[in-house]
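# Structure at a glance
The primary structure of each chain is shown beneath.
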Amino acid sequence: MTTDARSLLVPYDGSVNAKRALDYAIEQAQSTGAELHLLNVQPPLSGDVATFVGRGNVRQYHHDEAEKILAPARRKVESAGLPLHCHIGVGQPGPVIADFVDQLKSTQVVMGTRGLGSALGLLLGSVATHVVGHVKVPVTLIK
């Protein structure tokens, strides 16, 4: 990716709003030539579980679960004729998304919203609120 290229990061959990965000990102990528990155964030397993089943098995479990969620999105992007980069993160979604924005040098985040939590969280969703507050690139929120 050149420094002038746009790079859209779409956090994707398979929800209705995430699907809408993906549709919007596909349109943007088609019209601007932006690179499209999908990110699925898996919740961490408790330390006891991870210790019992082993690091390799935990990594495989997260990969398998993320692939189940990403597969329909991958097909949709491919049917639109766009190249795609898929990523899997593990942890709390807000901080993981913010970290991936930095790692990938994304120029924009396109994500769905949810109504959970406090008054601000009720409007945006706690993950969206975290991302908006912690990244230095534009964030487009899709309801």
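Now for a look at the structure at hand. Everything numeric in this text was worked out from a predicted model, so none of it was measured.

Here we come to helix H3 (residues 55–79). Its 25 residues give H3 an end-to-end C-alpha distance of 35 Å, which sits within 8% of 36 Å, the value for a rise of 1.5 Å per residue. Bending of H3 peaks at approximately 40 degrees at the position of Leu 70, with proline Pro 72 no more than four residues after it. Taken residue by residue, H3 has Val 58, His 62, Ala 66, Leu 70, Ala 73 and Val 77 as its buried positions. After H3 finishes, the residue Gly 81 shows a positive phi value of roughly 80 degrees.

Tyr 12, Leu 22, Leu 36, Leu 38 and Val 110 are the most contacted members of the largest nonpolar core, which has 18 residues in total. Elements with a minimum of two residues in this core: strand E1 (7–11), helix H1 (16–32), strand E2 (35–42) and H3. When sequence neighbours within four positions are dropped, the list of residues in contact with Leu 38 reads Val 10, Tyr 12, Leu 22, Leu 70, Ala 73, Arg 74, Leu 84, His 85, Cys 86 and His 87. With 14 residues, the next largest nonpolar core counts Val 41, Val 109, Val 131 and Val 135 among its residues.

Below, the discussion takes up the pairing of strand E4 (residues 108–112). Along a regular strand, successive side chains alternate from one face of the sheet to the other. Across the five residues of E4, five count as buried, placing the element largely inside the fold. Side-chain alternation along E4 places Gln 108, Val 110 and Gly 112 on one buried face and Val 109 and Met 111 on a second face that is also buried. Strand direction decides the pairing type here: E1 and E4, joined by two bridges, are parallel. Bridging from a neighbouring strand, Leu 8 pairs with Gln 108 of E4. Pairing between E4 and strand E5 (residues 139–142): four bridges, direction parallel. Counterpart to Met 111 in the pairing with E5 is Leu 141.

The next point concerns the packing of helix H4 (residues 93–104) against helix H6 (residues 126–134). Packed helices, taken two at a time, are described by the angle between their axes plus the distance between the axes. Where H4 contacts H6, the two axes come as close as 8 Å, and the packing angle between them is 35 degrees. Crossing of H4 over H6 shows right-handed handedness. Packed against H4, whose contacting residues are Pro 93, Gly 94, Pro 95, Ile 97 and Ala 98, the element H6 presents Val 127, His 130, Val 131 and His 134 at the interface. Its residues placed into classes, the contact of H4 with H6 shows six nonpolar, three polar and no charged.

Conventions we followed
- Numbers given for residues are sequential positions, taken from 1 along each chain in its written order.
- Reporting in this predicted model follows two pLDDT cut-offs: at least 70 for local features of residues, and 80 or more for side-chain atom pairs to be given and counted; totals over whole chains, interfaces and linings ignore these cut-offs and use all residues.
- Note that water and hydrogens are dropped before the side-chain values are worked out from all heavy atoms of the structure.
- Only DSSP runs of H or I reaching four residues or more are called helices, and only runs of E reaching two or more are called strands; each is numbered from the N terminus.
- Working rule for helices: expected span equals 1.5 Å times residues minus one.
- Each residue is assigned a bend, namely the angle between axes fitted to the seven residues that terminate at it and the seven residues that start at it.
- Relative accessibility under 20% of the residue-type maximum defines a buried residue, over 50% an exposed one, and the middle range a partly exposed one, all with a 1.4 Å probe and only protein chains included.
- Only buried residues count toward a nonpolar core. Its members are Ala, Val, Leu, Ile, Met, Phe, Trp, Tyr and Cys residues joined through side-chain atoms within 4.5 Å.
- We call two residues in contact whenever any of their non-hydrogen atoms come within 4.5 Å of each other.
- In short, DSSP must find at least two bridges between two strands for them to pair.
- Angles run from 0 to 180 degrees between N-to-C directions of axes, and those axes are lines fitted to C-alpha atoms, restricted for helices to the stretch in contact.
- Left-handed describes a crossing whose near helix is turned anticlockwise from the far helix through less than a right angle; right-handed describes the clockwise counterpart.
- When residues are sorted by character, Ala, Val, Leu, Ile, Met, Phe, Trp, Tyr, Cys and Pro go into the nonpolar class, Asp, Glu, Lys and Arg into the charged class, and all the rest, Gly among them, into the polar class.

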